[in-house]
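A closer look at the structure
What follows is each chain in one-letter form.
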Amino acid sequence: MRSGEVGLEVGRGESRRWRAAFVPVAIALAALILYGVTLLPDVLPADAGEFQLVATTGGVAHPPGYPLYTMVGWLFTRMPIGPTPAWRVNLLSAVTAAATLGLVFGTARKVSGSSWGGLAAVLTLGSATTFWATATAASIRPLTALFTALCLYALVQHTSRVNAEGSGGGERAMRAPGEGSLILFFLSLSLGLGHHPSLAFPAVVFVVYLLLKDPALVHEPRRWARPAAVFALGLVVFVYLPLRGAPELATASGFLDHVLARGFRGDMFALNLLDRLVILPTLLRFQFKRVVLLGMVVGAAFLLWRDRRLAFLLLGSFVVHTAVTLTYDAPQTVEYEMPAYVCAALLVAVPFGQLSALRSGLERRELPVGGVRCGILLVFRLLLVVLLMAGAANLVGHLPSYRTLSRSRDAREYAETVLHGAPREGVILSNWHWFGPLRYLQRVEGVRPDVEVAYVAPGGEPLGRTWVRRIEAEIEERPVVVTRYFEGEYGSLRRDSSYRFEPLGEAFLVRREPRVEVRADMRALNVTLGGTVKLLGYRLERGETEPARPVRVTLAWSPTAALSEEVALFAQLIGPEGRLWSGVSDPRHSGEGLTGGEVIVERFVVYPFLHAAPGDYSLVVGAYSSEGRLTAPDGDDAVRLDTVSVEPSTTRPVTAHPRLMRLDGGPTLIGVDYDVRPDGPVRTTLHWAGPGEATYVQLTGREDAALTTAQIPALKRGEYATVGVDRPGIPAQLTVLDEEGVRRWNALFRRPIPLPPAKSGERYVPLGDAMVLAGFELPMRELDPGAQATLGLRFVGQRALERDYVVSAALTGLNADGTWAWRAARDSVPALGAIPTLKWIRGSAVLDPHRMSIPAEASEVPVVGSLSVYDHFTQRSLPPLDEQLGVVVELGRWDVGPPWLLSPLRTGVFPTE
């Protein structure tokens, strides 16, 4: 070859290498832009708030300490960009996540031999719910993902060199190009283990894979020298902890306790893996679309067929890490799985490099050139296209939720309300969720330095009792504010010691003496109900809202004398026709400890129904006792406070039956849902999108002759409306009407719109603005005396949630007089504690199994299944937005008995009488 030709070939090689390096960098930059646009803007709750605080102040986080994260975060807080240090710590996650995706692309391209495969892996991981959420918040998970991706990248690079050149021996091995990737692997592993010790579990698989692919390492100790040196170098970051932490971190035992998180060792392997496997499909579907999961299965199958060692690396890492996280007793499983998500995303890339292998395999089987062979190859190509489209669709579908979150300053609003409202020289007793933002505002921004913020840690006893002890210890010396409420324990404290818990935003001011004056920020009232309850004033936070979005009103009232019986107060929205249009959640007062003339402050959160039409509603308050509603002197049983304007919704509703049917001149039908109740009519919920003028529709039945009519309001572009229609059965079709007769449902046909059939076990019960009960299952074989019954609840998130909710499910046996014969109940964070609602976004589908023991002596009495949802910290109920339901949603009624008596209950669909 002449010198010119050699130069040309070298130039081409350099160009290829430049393009190979450019694409991962471009992908990382694109990801950084995406995560930057959706970056959370301010201080955050829980662990994120702590990370923002310690990174800004150079402190030490909770075990295992995260020294590397803290030091890098400290550097980010000193960068001259962004509005606040908290925002810059959030930015660190975006940069780390973007770098992870660049590495995933390079690894996936190497594994699959296809850039399209690399792109599929990037879309899969980058659009995953939890990866995106942690990429836009102060979180240690993106750095865990980065070190996982670095280890996998280095292993694949090193073993590809071994495959191409052989490991060799002696000086040649020491000079081998693969030495750099080996050093990178051990440095990444060292930093990863120092960042979070959970990486030790997939690290076992990493090291075994390395030895399987490069067995000469065992016999060539000289090749371990530099990797061992950089591994030790990576552990130097731990020096930060004794230098910046408490004095006990300078001792060997204190240091090891913190770094190894020995305080949590009782949680490791505490749960039964077989019992927890039921939530694994929910965890994966929470992140990825079903077709992407199919692509992972196909990729795993190809690896097991063609490269079992690589299959061992990716599948083994996924299985080992998943098994560990499923058995760890902590409510963050959905985040702990991050290394497993990285491995799963790489599996999606594998099919993209297998087209030629599949074609060769079909040829060896001597299948006909046409027909079957072409069909199989066509289906495989379509799968590859669908995988790319599914990743893109996941990204597009999640974008609105994260854009909405990027405009939220919820944690700041909560913390500022509590800090500014706390009495001088008082103490705020805080749970972990709110401790971080409260301390951040104090230490970084200097808000209310006169107030102490104290974290209330669990104390080896019922948590409510710990809080009561802290309240009693503090209130003798100074005013107390609490961020958590315990109905039972605080109720006892109220009765025994006459303490009052007055709302302060979403927290509570603890008062030892009754309030005697109305707060200055309230509008005056002077109405007495039933001669018992005197209404003194109120404050409405906002007079505008949307369907299912809360209205918050604070009410001051006073008992005219000591109460002799329980009294409940309520706040409701009433339409022009006098109909109730809001969910029900009425606080009750037993009267014990309340004195006549004292001022009680009550906070109501009122949710308009999802199907509330746009317009003005009256906000009314009232009270009732065991004898009925208490009336005013003019005879009214409710007092009108103000007008609340309900605007059309700007949030697209979630639906089990998506549709896209544009009416001629009217709005677009975008979804249909059914609430098949245990008794009573079926509620058909129709979802509409603008633009469109006001329209009437008629629904006709499948098996009944009932004809029901509903009105759809006029909508602008970007506005949505939901209409609820109660009928005897499930409708078959919908007909559009106007003043002149039948309206065409599109430009081509004049015909009724066919409606989809109901799914098995289908429900549609909106619960506040947080979630929708979409169905439930009760396997009939388990409803026997003495058996374990699993009530499987299906929920869908209505929006990106910023509150932690608990689901309470129960099976209750009823005596003839309505009293409880027995009761089996379970309250838990959804998905057996694995997916807190704080992790949900719009459209998140979660299966929430509740396992309960039916008493062995349970008699054959009617059994009622029910559920309720409440705020984890305030215990405020999340009301069902259905005028037919109270705070508790009844799921069904049946009898305890032989399985054949329960056949209608297998799917949760109940016959009506």
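Throughout what follows, the structure given in this document is the object of discussion. (Residues numbered from 1 in each chain as written. Predicted model: local features only at pLDDT ≥ 70, side-chain atom pairs only at ≥ 80, totals over all residues. Heavy atoms only, no water.)

1. Some remarks on the packing of aromatic side chains
For the record, the criterion: The rule is short: rings of Phe, Tyr and Trp, with Trp giving its six-membered ring, pair when the centres are within 6.5 Å, and they are stacked under 30 degrees, edge-to-face over 60, tilted in between. Labels follow the DSSP assignment, with helices taken as runs of H or I lasting at least four residues and strands as runs of E lasting at least two, numbered in each case from the N terminus. Only protein chains enter the accessibility calculation, which uses a 1.4 Å probe; a residue whose area is less than 20% of its type maximum is buried, one above 50% is exposed, and one in between is partly exposed.
Tallied over the full model, the rule gives 26 aromatic pairs. Ring geometry for Phe 435 versus Tyr 455: centroids 5.9 Å apart, planes at 50°, classification tilted. With Phe 435 in helix H23 (residues 432–443) and Tyr 455 in strand S2 (residues 452–455), this residue pair connects regions lying 20 residues apart in the sequence. Assessed through its relative accessible area of 32%, Tyr 455 is described here as partly exposed. Here the aromatic rings of Tyr 485 and Phe 501 are separated by 5.8 Å at their centres, their planes lie at 90°, and the arrangement is edge-to-face. One end of the pair, Tyr 485, is in the loop between strand S3 (480–482) and helix H25 (487–497); the other, Phe 501, is in strand S4 (residues 500–504), with 16 residues separating them in the sequence.

2. As for the side chain of His 398
For clarity, the threshold we go by: In this description, contact between two residues means that some pair of their heavy atoms is separated by no more than 4.5 Å.
Mapping His 398 onto the fold places it in helix H21 (residues 372–405). Judged by its relative accessible area of 10%, His 398 falls in the buried class. Once residues lying within four places of it in the same chain are set aside, the contact partners of His 398 are Ser 127, Ala 128, Thr 129, Trp 132, Gln 287 and Ile 841.

3. A few points about the nonpolar core
In a soluble, globular protein the nonpolar side chains are often hidden away together inside. How we decide: Take the buried residues of types Ala, Val, Leu, Ile, Met, Phe, Trp, Tyr and Cys, join any two whose side-chain atoms come within 4.5 Å, and each joined set is a nonpolar core.
Formed by 184 residues in total, the largest nonpolar core has its most connected members in Tyr 35, Tyr 69, Phe 131, Phe 185, Leu 535, Leu 767 and Leu 793. Take this core: its biggest share by element is 13 residues, from helix H4 (residues 85–112). Aside from chain neighbours lying at most four places away, what touches Phe 185 is Cys 151, Ala 154, Leu 155, Phe 206, Val 207 and Leu 210. The next biggest cluster of nonpolar side chains, apart from the first, holds 22 residues, and it includes Ala 86, Ile 428, Ala 507 and Leu 509.

4. Side note on a nonpolar patch on the surface
Stated formally: Each patch is assembled from residues with relative accessible area greater than 30% and no salt bridge, linking like charges that lie within 9 Å and nonpolar side chains (Val, Leu, Ile, Met, Phe, Trp, Tyr) that lie within 5 Å. The Shrake-Rupley method, run with a 1.4 Å probe, gives the accessible areas here. Residue values count only the displayed protein chains as cover. Here, a salt bridge means any side-chain nitrogen of Lys or Arg that lies within 4 Å of a carboxyl oxygen of Asp or Glu.
A cluster of nonpolar residues, Val 204, Val 208, Leu 212 and Phe 312, forms a patch on the protein surface that exposes about 310 Å² of accessible area. Of all the elements, helix H10 (residues 200–213) adds the most residues to the nonpolar patch, at three residues. Mapping Leu 212 onto the fold places it in helix H10.

5. Comments concerning the pattern of salt bridges
A side chain of one charge can pair with a side chain of the opposite charge if their charged atoms are brought near each other. All told, the structure shown has 38 salt bridges when counted by the stated rule. Linking Asp 42 and Arg 412 is a salt bridge whose minimum nitrogen-to-oxygen distance equals 2.5 Å. Taken as a pair, Asp 42 in the loop between helix H1 (3–37) and helix H2 (46–57) and Arg 412 in helix H22 (residues 410–421) lie far apart in primary sequence, 370 residues in all. Take Arg 412: its relative accessible area is 12%, and that puts it in the buried class. For Glu 461, the salt bridge is made with Arg 469, and the minimal N-O distance between the two is 2.7 Å.

6. A short note on the pairing of strand S21 (residues 720–727)
The cut-off we apply is this: For two strands to be treated as a pair, DSSP must find at least two bridges joining them.
The element S21 is extensively covered by neighbouring structure, given that six of its eight residues are classed as buried. Where strand S18 (residues 682–689) meets S21, eight bridges bridge the pair, whose relative direction is antiparallel. Across the sheet, residue Leu 686 finds its bridge partner in S21, namely Val 723.

7. Details of the sheet that holds S4
Our working rule: Working convention: axes come from line fits to C-alpha atoms, limited for helices to the stretch in contact. Angles between N-to-C directions cover 0 to 180 degrees.
Taken in spatial order, the five strands make up an open sheet running S2-S1-S3-S5-S4, and their pairing is mixed. Strand pairing shows two members of the sheet lacking a second neighbour, S2 and S4, which therefore form its edges. For this sheet, the mean inter-axis angle between neighbouring strands, taken without regard to orientation, is 30°. In this structure, strand S1 (residues 427–430) lies alongside S2, joined through four bridges in parallel fashion. For Ile 428, the partnering residue across the bridge sits in S2 and is Val 453.

Geometry only, nothing functional implied.
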